[in-house]
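Survey of secondary and tertiary structure
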Amino acid sequence: MFYSPTHCGLVFYNMKSMEPLLIFSLWTLIHCLDFVKAATLSIHPSRSVFFYYETMTLSCAVPGSFSSWTVKRNTSTRSSVSCETWGQLNGSSCTIKGVYPSDSGVYWCESDSGECSNTINIRVATGVILQGPAVPLTEGDSVTLNCSYKEKYAKESTSNFNAEFYRNGAFIGNKSEGRFTFIHVSKENEGFYKCEHPTKGESPEIWLEVTARAPSTTAPPPLMSLPRLAYTIFLFILFTGILILYISMHQKFTQGPTAPPAAETEAKMRESDRL
């Protein structure tokens, strides 16, 4: 899902005190220009499969947002549940200390007005797991898939064994230290991966996603999109109009009474002399 822009409200004040409206309009002009930026969910450690009782933290990054964001999730038992009921909330981040299979599910960031970020699929398992990135890679990135084993109540996991790796069910290699590294990934590396321990079985599959790198271009990018340009012009006209109105009203309230014309004053003096 995509992040949709929040809208900026207008507040009206008494005409004798235009300063709050002037300041608010300037603030709107400066800050509303970031309305097209999207929220992004990230996870630490950056992987999609966790052992029992590990700690993970999910964070919402929302540059230029006016809304409050929180982490939500769908699991096998409940849907659209906010962090407060299953984790420790800290601003726009949520931490689970001691994950369990019931924490397996889909996670995302959501704003007060219903806008949503990217999603991350999390799985909690025991035995053999394959640790890979939780978010898509870009062509040219490097990544290491780590095959690990841990008993349910053990304190530490191990990768010090001879692991076999598979992509889309086909054997792709055997590594003595349980790690399979791609120096520069491409779309050809995209697929479902799993690993196998010599005696403890195989891991659940994980999805490795690779996105195409944006092509380079010699032409300079446009300084501003058409909708954003129109929005900027509107805010500039609004701010300019309010500024002119403020100056006009300020002069009206500060200028003293207008002096009578010289001819009228002289006529009054002559009439006084005749009397």
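The text that follows walks through the structure, step by step, so that each part is easy to find. Throughout, a residue's number is its position along its own chain's written sequence, starting from 1. Side-chain atom pairs in this predicted model are given and counted only at pLDDT of 80 or more, local residue features only at pLDDT of at least 70, and totals for whole chains, interfaces and linings cover all residues. Side-chain numbers come from the whole structure's heavy atoms, not from hydrogens or water.

Membership of the largest hydrophobic core comes to 23 residues, with the highest contact counts inside it found for Ile43, Met56, Val71, Trp86 and Tyr107. Every element with two or more residues in this core is listed here: β1 (40-44), β3 (55-61), β4 (69-75), β7 (93-97), β8 (105-111) and β9 (116-125). Setting aside its immediate chain neighbours within four residues, valine 71 contacts Leu41, Leu58, Cys60, Val81, Ser82, Cys83, Trp86, Ser92, Cys94, Tyr107, Trp108 and Cys109. Remark: nonpolar core denotes a set of buried residues (Ala, Val, Leu, Ile, Met, Phe, Trp, Tyr, Cys) joined through side-chain atoms within 4.5 Å. Throughout this description, buried means an accessible area under 20% of the type-specific maximum (1.4 Å probe, protein chains only), exposed means over 50%, and partly exposed covers the range between. In terms of nonpolar packing, the next biggest core, distinct from the first, is built from 22 residues, Phe165, Phe182, Cys195 and Ile206 among them. A helix here means a DSSP run of H or I that spans at least four residues, while a strand means a run of E at least two residues long, and both kinds are numbered starting from the N terminus. We call two residues contacting when some pair of their heavy atoms lies within 4.5 Å.

To count as a disulfide, a pair of cysteine sulfur atoms needs to be within 2.5 Å. All told, the structure shown has 3 disulfides when counted by the stated rule. In this model cysteine 83 forms its disulfide with cysteine 94; the gap between the sulfur atoms is 1.9 Å. Linking cysteine 83 and cysteine 94, the disulfide has an S-S dihedral of approximately 85 degrees and is accordingly described as right-handed. Of this pair, cysteine 83 sits in the loop between β5 (81-82) and β6 (88-90) while cysteine 94 sits in strand β7, and the two are 11 residues apart along the sequence. Cysteine cysteine 116 is unpaired, with the sulfur of cysteine 109 as its nearest cysteine sulfur at 9.1 Å.

Strand order in this open sheet of 3 strands is β10-β12-β15, and the pairing throughout is antiparallel. With one partner strand each, in any of the chains shown, β10 (127-131) and β15 (179-182) form the two edges of the open sheet. The sheet shows a mean angle of 10 degrees between the axes of neighbouring strands, direction not considered. Pairing between strands is defined by DSSP: at least two bridges between them are needed. Axes here mean lines fitted to C-alpha atoms, for a helix over just the part in contact, with angles spanning 0 to 180 degrees between N-to-C directions.

We now examine the packing of aromatic side chains. When the centres of two rings from Phe, Tyr and Trp lie within 6.5 Å, Trp using its six-membered ring, the rings pair. Their planes under 30 degrees apart give stacked, over 60 give edge-to-face, and anything left gives tilted. Taken as a whole and judged by the stated rule, the model has 10 aromatic pairs. Ring plane angle 80 degrees and centroid distance 5.4 Å describe the contact between tryptophan 86 and tyrosine 107, whose orientation is recorded as edge-to-face. Of this pair, tryptophan 86 sits in the loop between β5 and β6 while tyrosine 107 sits in strand β8; the two residues are 21 residues apart in sequence, bridging distant segments of the chain. Measuring from ring centre to ring centre gives 5.2 Å for phenylalanine 180 and phenylalanine 182, while their planes differ by 55 degrees; the resulting arrangement is tilted.

A word on the sheet that holds β6. If you trace the 4 strands from one edge of the open sheet to the other, you get β1-β3-β7-β6, paired in antiparallel fashion. In the strand order of this sheet, the two ends are held by β1 and β6, each with one partner. Within the sheet, the average angular offset between the axes of one strand and its neighbour, ignoring direction, is 20 degrees. For β1 and β3, the ladder comprises 5 bridges, and the chain directions are antiparallel. Pairing of isoleucine 43 across the sheet is with leucine 58, part of β3.

In this structure, the amide linkage connecting histidine 44 to the following residue, proline 45, adopts the cis form with an omega of -5 degrees. Looking at the element boundaries, proline 45 is found in the loop between β1 and β2 (49-51). Positioned with a positive phi, tyrosine 53 is a non-glycine residue whose angle comes to about 70 degrees. Here tyrosine 53 is to be found in the loop between β2 and β3.

Locating alanine 163 in the fold gives a position in strand β13 (residues 163-167). The spacing of alanine 163 and lysine 175 is 12 residues in sequence and 5.4 Å in space, taken between C-alpha atoms. The residues contacting alanine 163, other than those within four sequence positions of it, are Cys147, Gly173, Asn174, Lys175, Gly178 and Glu196.

Next up on the list: the pattern of salt bridges. Between Lys or Arg on one side and Asp or Glu on the other, a salt bridge is scored when a side-chain nitrogen of the former is within 4 Å of a carboxyl oxygen of the latter. Tallying each qualifying case throughout the model produces 6 salt bridges. A salt bridge links glutamate 110 to lysine 72, with the nearest nitrogen and oxygen atoms 3.4 Å apart. Note that glutamate 110 is positioned in strand β8 and lysine 72 in strand β4, a separation of 38 residues in sequence. Residue glutamate 110 is classed as buried on the basis of its relative accessible area, which comes to 16%.

Structurally, serine 117 can be placed in strand β9. Of the polar contacts made by the side chain of serine 117, one reaches the backbone nitrogen of cysteine 109; its length is 2.9 Å. Polar contact is defined as a pair of N or O atoms within 3.5 Å, subject to the rule that within protein one atom must be able to donate a hydrogen and the other to accept it, and that residues adjacent in sequence are counted only when both atoms are side-chain atoms.

Tracing the backbone through its elements, the reader meets serine 157 in the loop between β12 (143-150) and β13. Spatially, the C-alpha atom of serine 157 lies 9.4 Å from that of valine 128, the residues being 29 residues apart in sequence. Apart from residues lying up to four places away in sequence, serine 157 is in contact with Phe51, Ser148, Tyr149 and Lys150.

Read these as layout, nothing more, since geometry by itself doesn't imply function.
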